[in-house]
Amino acid sequence: MTPPLDRSQSIAFIGAGNMACSIFGGLIEDGWPKNKIWATARSEATLEKVKNQYGVQVSPDNHQAVRQSEIVVLCVKPQMMKAVLQDLAPTLKETKPLLISVAAGINLDSLQTWAGSRLPIVRCMPNTPALLRCGVSGLFANEQVSAEQKAITDAIFKAVGMTLWVDNENLIDSVIAVSGSGPAYYFLFMEAMTEVGTRLGFDRKTAEQLTLQTALGAAKMAVGSDVDARELRRQVTSPGGTTEQAIRAFQAGGLEQLVEQAMQAAVDRAAEMTRQLAD
Ligand SMILES: NC(=O)C1=CN([C@@H]2O[C@H](COP(=O)(O)OP(=O)(O)OC[C@H]3O[C@@H](n4cnc5c(N)ncnc54)[C@H](O)[C@@H]3O)[C@@H](O)[C@H]2O)C=CC1
Ligand SMILES: O=C(O)[C@@H]1CCC=N1
């Protein structure tokens, strides 16, 4: 059983963008005290917006936020990570927090090198449904991470969804391809169904409602069901009926191969970024 979440520690989110807001938005929904959450960004406008929307502590100064916190979640773009960590290195050496990086394509070796000292570091690959506490996060820890730090990391990301610890760092790239980028695949499908719905005679709002309610219903059925997606699909597909024709069209168009190509492209890009951005 998961132990109760210890909310006495402060967490600094470095880079208050989409992913950071999704995670701390979910944590706040789960009851994490707002005054124990710090968020940083370079622009005053972003900080103002984040403060008004979430009520967390904000600062343009990464060092200030790190000094206040036992846990530091690095949420800047991968291309910014080296500069941010090298700048923070002296403060990190002093305060020795638990570092959690959510960046795609930055491995533990690079994070360790840029941070400058041997720190406990977790690589985490969350996704934006964390905002609704419906996320999925893949996690991998270095050897410096204690059992207690692993437990609190797990509790933080469980507060915003499901967690999966992988036993090989390379599997983080696979998590990216399935669940990190995954919400965008479903959104793309929703966009396409809505668009085609308008061509089939509905106004955009109605086409969108039909599409989204169908996505919600299908996801809820798949999650709550004793049988797998294939069986649920079979139950919709009456022999000689309409669904059968639609599914045939998807299969004739190579849907499964296309999904494989797309997910492999995400894995390949993560590996390429890891090579390009490493020292
Ligand atoms: N968006 C997503 O669905 C997911 C993103 N990620 C990872 O999360 C990280 C952030 O991605 P997003 O949130 O989408 O990007 P974003 O661009 O929305 O957020 C980045 C934030 O960092 C801030 N920033 C830039 N330089 C900074 C600095 N020197 N100090 C402090 N803040 C600074 C920016 O103002 C911005 O608010 C990336 O590394 C990405 O790989 C991981 C999983 C999913
Ligand atoms: O597209 C990206 O690179 C990030 C990582 C997973 C989702 N968004």
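What counts, and where the lines are drawn
Residues numbered from 1 in each chain as written. Chains lettered and ligands numbered in written order. Predicted model: local features only at pLDDT ≥ 70, side-chain atom pairs only at ≥ 80, totals over all residues. Heavy atoms only, no water. UniProt positions renumbered as here; feature names shortened; annotations may be inferred. Helix = DSSP H or I, 4+ residues; strand = E, 2+ residues; numbered from the N terminus. Buried < 20%, exposed > 50% of the residue type's maximum accessible area, 1.4 Å probe, protein only. Contact = heavy atoms within 4.5 Å. Areas by Shrake-Rupley, 256 points an atom, 1.4 Å probe, with all protein chains shown as cover. Lys, Arg positive; Asp, Glu negative; His and termini not counted. Charge placed at Lys NZ, Arg CZ, Asp CG, Glu CD. Phe/Tyr/Trp six-rings, centres within 6.5 Å; stacked < 30°, edge-to-face > 60°. Lys NZ or Arg CZ within 6 Å of the ring centre and 35° of its normal. Near = heavy atom within 4 Å. Polar contact = N/O pair within 3.5 Å; in protein donor to acceptor, adjacent residues only side chain to side chain. Nonpolar A, V, L, I, M, F, W, Y, C, P; charged D, E, K, R; others polar. Expected span 1.5 Å × (residues − 1). Axes fitted to C-alpha atoms, helices over the stretch in contact; angles between N-to-C directions. Parallel < 35°, antiparallel > 145°, perpendicular 65-115°, else oblique. Left-handed = near helix turned anticlockwise from the far one by under 90°. Pairing = 2+ DSSP bridges. Right-handed = clockwise from strand over helix to strand, strands pointing away.

An unreviewed UniProt entry lists the chain under the name Pyrroline-5-carboxylate reductase, from Endozoicomonas euniceicola. Entered under Function (unreviewed entry) in the UniProt record, the comment concerning the chain runs "Catalyzes the reduction of 1-pyrroline-5-carboxylate (PCA) to L-proline." According to the UniProt record, the Pathway (unreviewed entry) comment for the chain reads "Amino-acid biosynthesis; L-proline biosynthesis; L-proline from L-glutamate 5-semialdehyde: step 1/1."

Helices and strands together make up the secondary structure of the chain, namely 12 helices and eight strands. Put simply, the chain has 279 residues, and 42% of those count as buried. Residue pairs in contact within the chain that sit at least 24 positions apart in sequence constitute 63% of those at least 6 positions apart. On the chain, roughly 15,600 Å² of surface is accessible, and the fraction owed to carbon and sulfur atoms is 56%. The positive charge centre, built from 26 side chains, and the negative charge centre, built from 29, are 3 Å apart in the chain.

With that settled, the discussion passes to the environment of S110. Relative to the helices and strands, S110 is located in helix α5 (residues 108-115). Once the C-alpha coordinates of S110 and A262 are considered, the two residues, 152 residues apart in sequence, prove to be 27 Å apart.

This paragraph deals with the UniProt feature "domain: Pyrroline-5-carboxylate reductase catalytic N-terminal" (unreviewed entry) in the chain. Here, the residues flagged by UniProt with the feature "domain: Pyrroline-5-carboxylate reductase catalytic N-terminal" (unreviewed entry) are residues 11-105. A distance of 23 Å separates the end C-alpha atoms of residues 11-105, which is 49% helix and 20% strand.

Any pair of aromatic rings gets described here by the distance separating the centres and the angle formed by the planes. The final tally for this structure, using the stated rule, is three aromatic pairs. The interplanar angle of 85° and the centroid separation of 5.1 Å between the aromatic rings of F24 and Y54 together place this pair among those described as edge-to-face. With F24 in helix α1 (residues 18-29) and Y54 in helix α2 (residues 44-54), the pair connects residues that are 30 residues apart, well separated along the chain. Take F24 and Y54: they sit in the same class, and that class is buried. Here the aromatic rings of F189 and F250 are separated by 5.9 Å at their centres, their planes lie at 40°, and the arrangement is tilted. Here F189 is found in helix α8 (residues 182-199), whereas its partner F250 is found in helix α11 (residues 242-252), with 61 residues between them in sequence. Put simply, the rings of F13, F24 and Y54 pair up and form one aromatic cluster. For K150, the ring lying beneath its charged end belongs to W165, and the centroid distance is 4.8 Å.

The next subject is the site of ligand 1. Near ligand 1 there are 21 residues, and of these N18, M19, C75, V76 and A104 occur at the shortest range. In the environment of ligand 1, a nitrogen atom lies 3.3 Å from a nitrogen or oxygen atom belonging to the side chain of R42. Protein contact buries 80% of the 830 Å² of open area that ligand 1 shows by itself. With three residues, the top contributor of residues to the shell around ligand 1 is helix α4 (residues 78-95). For the shell around ligand 1, the per-class residue count stands at 13 nonpolar, six polar and two charged.

Turning our eyes to something else, we now look at helix α6 (residues 147-158). Because the α-helix completes a turn every 3.6 residues, residues three or four places apart line up on one side. When the terminal C-alpha atoms of α6 are compared, their 16 Å separation across 12 residues agrees well with the 16 Å that a helix rising 1.5 Å per residue should span. Every buried residue of α6 is accounted for by I152, T153, D154, A155, I156 and F157.

Remark: helix α7 (residues 171-180) packs on helix α12 (residues 255-277), axes separated minimally by 8 Å, with the N-to-C direction vectors making an angle of 140°. With respect to each other, α7 and α12 are oriented oblique. The two elements α7 and α12 meet at a crossing, and its hand is right-handed. Only M263, A266, V267, A270 and A271 of α12 make contact with α7, whose side of the interface consists of D173, S174, I176, A177 and V178. Tallied by class, residues from the contact of α7 with α12 come to eight nonpolar, one polar and one charged.

The subject of this paragraph is the environment of N168. With respect to the helices and strands, the residue N168 is situated in the loop between β8 (161-165) and α7. Look at N168 and you get partly exposed, because its relative accessible area is 35%. It is 25 Å that separates the C-alpha atoms of N168 and A20, two residues lying 148 residues apart in sequence. At 2.9 Å, the side chain of N168 and the backbone nitrogen of N170 are in polar contact.

This part is about the pairing of strand β2 (residues 37-40). With burial as the criterion, each face of β2 is covered, one bearing I37 and A39 and the other bearing W38 and T40. Bridge analysis of strand β1 (residues 11-14) against β2 gives four bridges, and the strand direction is parallel. Bridging from a neighbouring strand, F13 pairs with A39 of β2. One crossover worth recording links β1 to the parallel β2 by way of α1, and it is right-handed. With three bridges connecting them, β2 and strand β3 (residues 57-59) associate as parallel partners. What sits directly across from W38, in β3, is Q57.

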